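# Structure assessment
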Amino acid sequence: MQTTSTNIYKSMGHSQELSEFKHGTMIGCHLCSKSIREISFLQNIPRSTVSSIKTKWKQLGTTTTQPQSGRPHKMTDQSQRMLKHTVHRCYQLSAESVAKNLQTSCGLQISTATVHRELHEMGFHGQAAASKPFITKCIAKHCIQWRKAHCHWTLERYLPDCIFPSVQF
């Protein structure tokens, strides 16, 4: 048997925004002298949510969501997708060149620090490339010729006695 509190949390996510209609019905129930507990049970909403909406209505006279503090994000979802696409296409670009690329393609004035931060949030982290020996076709050809010429060598021939003097092969 499920309790009312488990039904409440299954039906509503913790960060879900309630509609204006739900806000209005809660205030209407409050004006009809219903208690917070009764409103919570009728609307299937946690008591803390009902209480906070009621308090907000008493203080501000409205239940609409107020503007959030802080600066809004510079990059939209579309510009973030373009940034991700740009990095996937050419992953060796620096943050400065990616910022210039976005400025020309989107007309978005964005700093390299913002590009760097957004890339970190997407999971891209800059790393130095692993150094690999430069092997040309000519060097590869010589290596193959050497291997073919010395394929009959034993392990004793490869390992000099000065490295492993006590090892018997």
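This text follows the structure it describes.
Keep in mind it's a predicted model, so treat the numbers as computed, not measured.

The next thing to look at is the overall build of the protein. Along the backbone of the protein there are nine helices and zero strands. Order of helices (α) and strands (β) in the protein, N terminus to C terminus: α-α-α-α-α-α-α-α-α. Across the 169 residues of the protein, 19% fall into the buried class. For the protein, the share of sequence-separated contacts (at least 6 apart) that also reach a separation of at least 24 residues comes to 47%. Accessible area for the protein stands at about 13600 Å²; split by element, carbon and sulfur atoms hold 56% of it.

We now examine helix H5 (residues 77-89). Along its 13 residues, H5 runs 18 Å from first to last C-alpha, staying within 8% of the 18 Å computed at 1.5 Å per residue. Those residues of H5 that fall on the buried side of the exposure criterion are Ser79, Leu83, Thr86 and Val87. Projected down its long axis, H5 carries its buried residues within an arc of 95°, all on one side. For H5, exposure combined with an orientation more than 90 degrees from the buried face picks out Asp77, Gln78, Arg81, His85, His88 and Arg89. Residues of H5 that are buried in the fold lie against helix H6 (95-106) and helix H7 (112-122).

A separate point is the nonpolar core. Counting ten residues, the largest nonpolar core is built from Met75, Leu83, Val87, Val98, Ala99, Leu102, Leu108, Ile110, Val115 and Leu119. Where this core is concerned, the elements lending two or more residues are H5, H6 and H7. Looking at this core, the element that brings in the most residues is H6, giving three residues. Val98 has contacts with Leu83, Leu93 and Val115, leaving out every residue within four places of it along the chain. With eight residues, the next largest nonpolar core counts Leu18, Met26, Ile45 and Val50 among its residues.

What the rule picks out here adds up to one salt bridge. Residues Lys100 and Glu96 are paired through a salt bridge, measuring 3.7 Å at the closest nitrogen-oxygen approach. With a gap of four residues between them, Lys100 and Glu96 both fall in helix H6, about one helical turn apart. Residue classification places Glu96 among the partly exposed positions, given a relative accessible area of 46%.

Taken as a whole, the largest pocket holds about 460 Å³ of empty space. Counting only elements with at least two residues in the lining of the largest pocket, the list comes to H6 and H7. Among the elements that take part in the lining of the largest pocket, H7 stands out by supplying three residues, more than any other. Split by residue class, the lining of the largest pocket holds ten nonpolar, seven polar and no charged.

The rules we used
Residues numbered from 1 in each chain as written. Predicted model: local features only at pLDDT ≥ 70, side-chain atom pairs only at ≥ 80, totals over all residues. Heavy atoms only, no water. Helix = DSSP H or I, 4+ residues; strand = E, 2+ residues; numbered from the N terminus. Buried < 20%, exposed > 50% of the residue type's maximum accessible area, 1.4 Å probe, protein only. Contact = heavy atoms within 4.5 Å. Areas by Shrake-Rupley, 256 points an atom, 1.4 Å probe, with all protein chains shown as cover. Expected span 1.5 Å × (residues − 1). Arc of directions from axis to C-beta. Core = buried A, V, L, I, M, F, W, Y, C linked by side-chain atoms within 4.5 Å. Salt bridge = Lys/Arg side-chain N within 4 Å of Asp/Glu carboxyl O. 1 Å grid on protein atoms, 1.4 Å probe; cavity = no way out; pocket = protein on both sides within 12 Å on 5 of 7 lines; lining within 4 Å. Points joined across faces, edges and corners; volume = space filled by probe spheres on them. Nonpolar A, V, L, I, M, F, W, Y, C, P; charged D, E, K, R; others polar.

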